[in-house]
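Tertiary structure, described
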Amino acid sequence: MSLKFLLLLFFFLLLNFAMIRNAAAMTTLLIPGFYSETCPDAEFIVRDVIKKSMTREARNAASVMRLQFHDCFVNGCDASVLLDDTPNMLGEKLGLSNINSLRSFEVLDEAKEALERACPGVVSCADIVIMAARDAVVLSGGPNWDVKLGRLDSLTASQKDSDDIMPSPRANASYLIDLFNRFNLSVKDLVALSGSHSIGKGRCFSVMFRLYNQSGTGRPDPAIEPKYREKLDKLCPLGGDENATVDLDATPELFDNQYFKDLVNGRGFLNSDETLYTFPQTRGYVKLFSANQNEFFKAFVQGMIKMGDLQSGRPGEIRKNCRVVNRRPVDILLES
Ligand code: HEM
Ligand SMILES: *[C@@H]1O[C@H](CO)[C@@H](O)[C@H](O)[C@H]1NC(C)=O
Ligand SMILES: *[C@@H]1O[C@H](CO)[C@@H](O)[C@H](O)[C@H]1NC(C)=O
Ligand SMILES: *[C@@H]1O[C@H](CO)[C@@H](O)[C@H](O)[C@H]1NC(C)=O
Ligand SMILES: *[C@@H]1O[C@H](CO)[C@@H](O)[C@H](O)[C@H]1NC(C)=O
């Protein structure tokens, strides 16, 4: 080997090193068991809080699990969705897809309070969202998995970003394929993650247009199975309470593949659900998961882990209260 070659190799390696260091500075390394030294009971504490919340109301599982999606898609999994509005910042809670819909924030508050008592200032709210979502699935009869941890909490939230990104219940499968693709989530990830609608409820608001005026035709969506449509017409009559809620599948407290069986039978609640079956690009996965729960569980876990890897690369902190950013010395100075 010539000296020139060795020198070149050396500089190439150096350059690589510099790039890796840069990348490491932008994002945090996520690993399972991140708190095993600093807060060994962290995962038990969160699971316990989620379990208790489900005794109060089974739906808390669904509502808590949904928060991972609404957090991670908007500038990464950084608990931005948990920030309350301030006079200087319109947060995500009142965004189009969240207002009168996202709920169970008090369950995450409870987990945070318990963790602050056990190990103050150690466990991020962003990690609590991820642990809580996993626990909600397990405690509803779904699969278990190791979550990667080590996230930081954002210093801001953005209602505009939430409005731009989060999909409407009117979205169809081809729109959602493109949206998920922007986050490097595959068609299989999209279908599996939509299987989260195996638990929980949606508002009549989210289905009215399908029942009475699909695509402005003045008629119902023909993909709705007639008996199911009759049922929905009763639960969500024209001019009725649009905040009334309806189960998202036939077994709304059980995390199972019933959701996919319902889609095959024209009993999907949302347009975004049913088009996963009516559109050819996604139908194969709906069929697969409706026939094989194990395949659904495997793909769901993979999707949740991939979604949990999304990061903004922005600076962060460990919030003391998930609803507000910590006060910095400069804030205190400015206030006085
Ligand atoms: C694929 C695109 C998706 C769309 C368009 C969508 C849309 C919706 C809508 C409209 C509701 C009902 C909200 C309401 O009427 O108040 C809902 C509920 C829910 N979503 Fe999604 N969602 C999607 C994906 C996901 C993902 C990826 C997850 C989690 C991994 C998720 C978890 C949930 C859960 C658990 C509920 C029930 C919440 C409760 O009972 O409080 N969704 N979703
Ligand atoms: C799906 O939704 C997109 C965006 O709203 C729309 O442009 C498209 O026409 C829809 N596709 C079908 C087949 O309905
Ligand atoms: C998706 O993957 C590409 C190529 O690996 C990467 O550059 C991009 O940042 C990723 N996007 C997201 C949102 O993670
Ligand atoms: C149905 O939707 C179309 C287009 O969005 C709208 O112009 C029309 O007024 C609606 N009809 C009813 C009865 O709501
Ligand atoms: C649903 O409830 C919220 C909060 O109570 C209220 O502000 C809103 O107007 C209601 N929406 C509908 C469509 O009834």
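Residues numbered from 1 in each chain as written. Chains lettered and ligands numbered in written order. Predicted model: local features only at pLDDT ≥ 70, side-chain atom pairs only at ≥ 80, totals over all residues. Heavy atoms only, no water.

Going by the annotation in an unreviewed UniProt entry, the name recorded for the protein is Peroxidase, with Coffea canephora given as the source organism. The heading Subcellular location (unreviewed entry) in the UniProt record of the protein holds the text "Secreted". The record held by UniProt for the protein lists under Function (unreviewed entry) the comment "Removal of H(2)O(2), oxidation of toxic reductants, biosynthesis and degradation of lignin, suberization, auxin catabolism, response to environmental stresses such as wounding, pathogen attack and oxidative stress. These functions might be dependent on each isozyme/isoform in each plant tissue." (UniProt positions renumbered as here; feature names shortened; annotations may be inferred.)

Right, let's talk about the overall build of the protein for a bit. Secondary structure assignment for the protein yields 15 helices and four strands. Based on the C-alpha atoms only, the size of the protein along its principal axes is roughly 75 × 60 × 35 Å. Relative to its 336 residues, the protein shows a buried fraction of 47%. Residue pairs at least 24 apart in sequence account for 77% of intrachain contacts in the protein once pairs closer than 6 positions are excluded. Carbon and sulfur atoms form 58% of the exposed surface of the protein, whose accessible area is close to 16800 Å². (Helix = DSSP H or I, 4+ residues; strand = E, 2+ residues; numbered from the N terminus. Buried < 20%, exposed > 50% of the residue type's maximum accessible area, 1.4 Å probe, protein only. Contact = heavy atoms within 4.5 Å. Areas by Shrake-Rupley, 256 points an atom, 1.4 Å probe, with all protein chains shown as cover.)

Under the definition given, this model contains four disulfides. The disulfide partner of Cys 72 is Cys 77, and the S-S distance across this bridge is 2.1 Å. Between Cys 72 and Cys 77, the S-S torsion sits near 115°, and that sign places the bridge as right-handed. By relative accessible area, which is 1% here, Cys 72 ends up buried. Paired by a disulfide, Cys 125 and Cys 322 hold their sulfur atoms 2.1 Å apart. Note on the Cys 125 and Cys 322 pair: the S-S dihedral is about -95°, so by sign convention the disulfide is left-handed. Here Cys 322 lies in the loop between helix 14 (293-308) and helix 15 (329-335) and Cys 125 lies in helix 5 (residues 125-139), a separation of 197 residues in the sequence. A relative accessible area of 0% means that Cys 125 is categorised as buried. Judged by relative accessible area, Cys 322 falls into the buried class, the value being 3%. The connectivity of the disulfides in the protein is 1-4, 2-3, 5-8, 6-7, where the numbers refer to bonded cysteines in sequence order. (Disulfide = S-S within 2.5 Å.)

Here we come to the domain arrangement of the protein. Interfaces are often sized by the accessible area lost when the parts come together. Split by domain assignment, the protein resolves into domain 1 (3-166 + 309-335) and domain 2 (173-307). In this structure, domain 1 and domain 2 have C-alpha centres spaced 27 Å apart. Listed as interface residues are 25 residues of domain 1 and, on the opposing side, 22 residues of domain 2. Of the roughly 2100 Å² buried between domain 1 and domain 2, counting both surfaces, carbon and sulfur atoms make up 70%. (Domains from an automatic or database assignment. Buried area = accessible area lost by both parts, 1.4 Å probe.)

Within the secondary structure, Asn 98 is located in the loop between helix 3 (60-72) and helix 4 (105-118). Using a relative accessible area of 2% as the deciding quantity, one classes Asn 98 as buried. A polar atom in the side chain of Asn 98 sits 2.7 Å from the backbone oxygen of Glu 92. With sequence-adjacent residues up to four places away left out, Asn 98 is seen in contact with His 70, Val 81, Glu 92, Lys 93 and Ser 162. (Polar contact = N/O pair within 3.5 Å; in protein donor to acceptor, adjacent residues only side chain to side chain.)

Bringing the pattern of salt bridges into the picture now. For the structure shown, the criterion picks out 18 salt bridges. Residues Asp 309 and Lys 148 are paired through a salt bridge, measuring 3.1 Å at the closest nitrogen-oxygen approach. Of the two residues, Asp 309 is situated in the loop between helix 14 and helix 15 and Lys 148 in strand 2 (residues 148-149); the sequence distance between them amounts to 161 residues. For Lys 148, a relative accessible area of 27% corresponds to the partly exposed category. Across the pair Glu 295 and Lys 298 runs a salt bridge whose closest N-O atoms are separated by 3.4 Å. Remark: Lys 298 and Glu 295 occur in helix 14; sequence separation between them is three residues, near one turn of the helix. Connected through shared salt-bridge partners, Glu 43, Arg 47, Arg 134 and Asp 135 make up one network. (Salt bridge = Lys/Arg side-chain N within 4 Å of Asp/Glu carboxyl O.)

Turning next to the coordination of the iron atom of ligand 1. Coordination of the iron atom of ligand 1 by the protein involves just one donor, His 197 (NE2), at a distance of 2.1 Å. With respect to the element layout, His 197 can be found in the loop between helix 8 (187-194) and strand 3 (201-203). (Donors = N, O, S within 2.8 Å, 3.2 Å for Na, K, Ca; no water.)

A separate point is the environment of Thr 86. Assignment of secondary structure puts Thr 86 in the loop between helix 3 and helix 4. Note: C-alpha distance between Thr 86 and Ser 206 (120 residues apart in sequence) is 28 Å.

Right, let's talk about unusual backbone geometry for a bit. Of note, the phi angle at Asn 100 is positive, near 55°, even though the residue is not glycine. Of note in the backbone geometry, Asn 184 takes a positive phi value of approximately 60° without being a glycine. With respect to the secondary-structure elements, Asn 184 resides in the loop between helix 7 (173-182) and helix 8. Exposure remark for Asn 184: the relative accessible area of 62% places this residue in the exposed category.

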